[in-house]
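Spelled out from the first residue to the last, the chains are:
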Amino acid sequence: GTPLFGGEVAELYSKIFHQLAPSWKRQVECVREHATPPTTILDLASGPGQPAIMLAQAFPNAQVISSDVSQDMVKQAKQSVDRAGLTNVSCQVVDMQAMSDVANNSIDACTVSFGYMFPPDINLALAETHRVLRPKGLVVATVWVEMPIIPLVGRIMTAVLGHKPPPPPINPLSLSKHAAFDVPLAKAGFGMLNDEQHTMQFDLGNEPDVAW
């Protein structure tokens, strides 16, 4: 696994992962709306297997790659695929900055659910995505625009520590500004078909281990 998404983090993430389902459903709809019936779909940063599984169910004639940089996440994805009884999904460890195992112009549609803020070099990640897509291929990506819990946690940690905590190693809001994502997209050669904003509600529960 990786320091950020291996081991216990992968286990904890899986407890709230399912609450992202509305965004996965919309990604599937976008693929249906904007792509000819795809035969190959690459899902980057799949975590425990979504929206790759939904995509495989929606497009049974397509071969879907569920991928993540974390081996622990990929292991969970394989378990989820097996439980779903799907035969058109392969689960692979993939670094979106270096997808050497994915051929040029081989993918009809690529989905990325809240994943492009994680690679250290987003320009490289987007260039690799563009390389593997077929001409007029489709990317459906989601990013966080607002996350009220982040400033709340910051205030709590400041009160506990007596000073402002250091910034997290990954900022989930790093692509929240249009220029932060639109500029590297254009640089990689992508055009914009659609841009939507949606609100999702999260129930974090009261389990102590989820409150880390």
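Since this is a predicted model, take the numbers as computed values, not measurements.

**Overview of the sheet that holds strand S5 (residues 133-142)**
Then, in step 1: Here five strands make up an open sheet; going across it, the order is S3-S2-S1-S4-S5 and the pairing parallel. A strand with exactly one partner marks an edge of an open sheet, and here the two such strands are strand S3 (89-93) and S5. Put simply, the sheet's adjacent strands are angled 20° from each other on average, direction ignored.
Then, in step 2: Strand direction decides the pairing type here: strand S2 (residues 63-68) and S3, joined by five bridges, are parallel. Its bridge partner lying in S3, Ser67 is registered against Gln92.
Then, in step 3: Across the sheet, helix H5 (residues 122-132) lies against strand S1 (40-44), strand S4 (107-113) and S5, angled at about 135° from S5, the strand it touches most.

**Quick word on the nonpolar core**
Then, in step 1: Counting 51 residues, the largest nonpolar core has Val31, Leu42, Leu44, Tyr116 and Leu126 as the members making the most contacts within it.
Then, in step 2: Those residues in contact with Val31, other than ones at most four positions away along the chain, are Pro38, Leu55, Phe59, Ala109, Thr111, Leu138 and Val140.

**Looking at the pattern of salt bridges**
Then, in step 1: Overall, the coordinates contain five salt bridges when judged by the stated rule.
Then, in step 2: Asp108 is the salt-bridge partner of Arg134, the closest N and O atoms lying 2.7 Å from each other. Of the two residues, Arg134 sits in strand S5 while Asp108 sits in strand S4, which places them 26 residues apart along the sequence.
Then, in step 3: Across the salt bridge formed by Arg131 and Glu128, the nearest N and O atoms sit 2.7 Å from each other. Remark: Glu128 and Arg131 occur in helix H5; sequence separation between them is three residues, near one turn of the helix.

Analysis parameters
- Residues numbered from 1 in each chain as written.
- Predicted model: local features only at pLDDT ≥ 70, side-chain atom pairs only at ≥ 80, totals over all residues.
- Heavy atoms only, no water.
- Pairing = 2+ DSSP bridges.
- Helix = DSSP H or I, 4+ residues; strand = E, 2+ residues; numbered from the N terminus.
- Axes fitted to C-alpha atoms, helices over the stretch in contact; angles between N-to-C directions.
- Contact = heavy atoms within 4.5 Å.
- Core = buried A, V, L, I, M, F, W, Y, C linked by side-chain atoms within 4.5 Å.
- Buried < 20%, exposed > 50% of the residue type's maximum accessible area, 1.4 Å probe, protein only.
- Salt bridge = Lys/Arg side-chain N within 4 Å of Asp/Glu carboxyl O.

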